[in-house]
Amino acid sequence: MGQLKLSTDLWSSQTVFILAAVGSAVGLGNLWKFPYITGENGGGAFVLVYLACVLLIGIPVLMSEIALGRAGKANPVQAMSNLARENGASRLWALLGLNGVLAGALILSFYTVIAGWAVSYFFQSFSGAFVDMNASEANSHFDALMANPYELLFWHTVMSLVTILIVSKGVKAGLERAINLMLPALLLILLVLLGYATTTGAFGKSFNFLFAADFSKLTWESVLIAMGHAFFTLSIGLGTMMVYGSYLSQKSSIVKASLWIAFADTAIALIAGLVIFSIVFSNGLEAGSGPGLLFETLPVAFGQMAGGWFFGTLFFALVVMAALSSAISLIEPVVSWFDQNWGIKREKAVWILGTLIWVFGIGTVLSFNVWQDVHFLGEKTFFGTVDYLTSNIMLPLGGLLMAVFMAWVMTKEQIKTQIDLSSGWMKWFILDLKWLSPIAVLVVSSSGLVASESVLIMVAISLFLYGAYVWNVTRKN
Ligand code: PHE
């Protein structure tokens, strides 16, 4: 295996790191997933739980994950193993990195499929297909795309290739510049859409739907989905922020960066939600119509508004770019692991992994047509299953273990050199990581899952902790 490599490639500045991390966080999760799961889970109360999770679990775990990466100086598997060794803890902690590496690959397998829909919509919009489109036409347009596995496969392939090409060139060159341009443009166009939303006559209703909490609609499963989404949308729990943190210079402020990432990510999701539900309610559409929501609503807005062709084309281009900057961050943990630990060069690693992930993604392509009626875990399609296992189990579990490692294994001094909080906030931070976040994740996970799954997870966690304990005891003797 040779000498292990460490991450050395530092970001050119703190601002660039923040932009790249925001680029990872802001993606399909904000524009596509947040609105549709909010619609499916009844609105207000769901949003409130999601916001609480971002604040109480998301931000502390985000800070911890970046800190673990910067302190461990390597890909997630190696960083955890480095830190465990330094602190005399079990090397089994490397499994936490492995969980993340695997989750990143699984998420990417459906991410390129959905991003492919946006690529297709970009070309449709450009060709003028959305001009004067009404709600029912938008609906059948989307249904026709879903019914065609070859077309979905084609766009999935395009997206996978672009991701592979960018990552194989190394993160810095093209990416930093693209993100610099993309984020402000995305925000601007969302504000234009927000302006349009206020003219639909359903803006107030949309606002109420998102912010008036009706807890009678909330089930344990929706609490689990809200919590899982907080992890997904902030890109935490799987090691993306850990690798990005491993490229971060010691001088940068992790606290400041994390607050910016969380703020930008949340603001963009909420604006997207306001826009989409204004269109839903003003056109008598179904809030709970599922993964197609973004694609069934926005063409209607672009079809009606002045300059809709221009804004529509630009918007879908930006969705694709936002998805790309997230896609590359999903594959980065596993690529850097291959590169640093297995001596497989970045370029080769990306092609091997990218191809495997692409093949797995075909399952998601088929979920919307040929395999529509093939179900796992109860009612879920192949896509639904991969999404559920990653967002609602693997990421929260990863985040929980990161919080535990940070608060219970790292020393006070180690934490202080990474996290620049005042001593008052530091107390809260550690209290949150030690107790609140882990307990919240455990309670929500075990109540939201069906019994057999939660038992499985409990057994896995217990085995892990027991293994770590035994390792520690035998090592001391
Ligand atoms: N945060 C991204 C989004 O919201 C998805 C993502 C998850 C990216 C985890 C990297 C790691 O679309």
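Enquirer: Can you help me understand the overall build of the protein chain in this one?
Expert: Within the protein chain, the regular secondary structure consists of 19 helices and zero strands. The globule rule puts the C-alpha radius of gyration for 477 residues at 23 Å, and the 22 Å found for the protein chain is close to it. For the protein chain, the C-alpha atoms occupy an extent of roughly 75 × 50 × 45 Å along the three principal directions. Burial analysis of the protein chain (477 residues in total) assigns 60% to the buried set. Of the contacts formed within the protein chain by residues at least 6 apart in sequence, a portion of 82% connects residues at least 24 apart.

Enquirer: Please explain the environment of Ser336 as it appears in this structure.
Expert: Among the structural elements, Ser336 can be located in helix 14 (residues 308-342). Judged by relative accessible area, Ser336 falls into the buried class, the value being 2%. Here the alpha-carbon distance between Ser336 and Met242, two residues 94 residues apart in the chain, equals 11 Å. Dropping the residues within four chain positions of it, Ser336 is found in contact with Asn75, Val243, Tyr247 and Asn341.

Enquirer: Even after reading the chapter, I still don't get the site of the ligand, so can you show me in this structure?
Expert: Taken together, the neighbourhood of the ligand is formed by 15 residues, with Ala25, Gly29, Tyr111, Phe232 and Ser235 sitting nearest. Residue Ser235 places a side-chain N or O atom 3.0 Å away from a nitrogen atom belonging to the ligand. Broken down by secondary-structure element, the contributors of at least two residues to the shell around the ligand are helix 1 (14-25), helix 2 (28-40), helix 10 (220-233) and helix 14. Among the residues making up the shell around the ligand, the classes are represented as six nonpolar, nine polar and no charged.

Enquirer: Please clarify how the pattern of salt bridges should be interpreted in this entry.
Expert: For side chains of opposite charge, pairing can occur when their charged atoms come near one another. Inspection of every chain in the model, using the stated rule, returns three salt bridges. Between Lys380 and Glu221 there is a salt bridge, and its shortest N-O distance comes to 4.0 Å. On the criterion of sequence distance, the pair formed by Lys380 in the loop between helix 15 (346-367) and helix 16 (382-409) and Glu221 in helix 10 is long-range, its members being 159 residues apart. Its relative accessible area of 34% is what places Glu221 among the partly exposed residues.

Enquirer: Can you walk me through helix 14 in this structure?
Expert: Owing to its 3.6 residues per turn, the α-helix aligns residues three or four sequence positions apart on the same side. Here helix 14 spans 50 Å end to end across 35 residues, near enough to the 51 Å set by a 1.5 Å rise per residue. The sharpest bend along helix 14 measures roughly 40° and falls at Glu332, with the proline Pro333 sitting one to four residues further on. Of all 35 residues making up helix 14, 28 are buried, and the element is well covered by its neighbours.

The rules behind the values
- Residues numbered from 1 in each chain as written.
- Predicted model: local features only at pLDDT ≥ 70, side-chain atom pairs only at ≥ 80, totals over all residues.
- Heavy atoms only, no water.
- Helix = DSSP H or I, 4+ residues; strand = E, 2+ residues; numbered from the N terminus.
- Rg over C-alpha atoms; globule rule 2.2 N^0.38 Å.
- Buried < 20%, exposed > 50% of the residue type's maximum accessible area, 1.4 Å probe, protein only.
- Contact = heavy atoms within 4.5 Å.
- Near = heavy atom within 4 Å.
- Polar contact = N/O pair within 3.5 Å; in protein donor to acceptor, adjacent residues only side chain to side chain.
- Nonpolar A, V, L, I, M, F, W, Y, C, P; charged D, E, K, R; others polar.
- Salt bridge = Lys/Arg side-chain N within 4 Å of Asp/Glu carboxyl O.
- Expected span 1.5 Å × (residues − 1).
- Bend = angle between axes of the 7 residues up to and from the residue.

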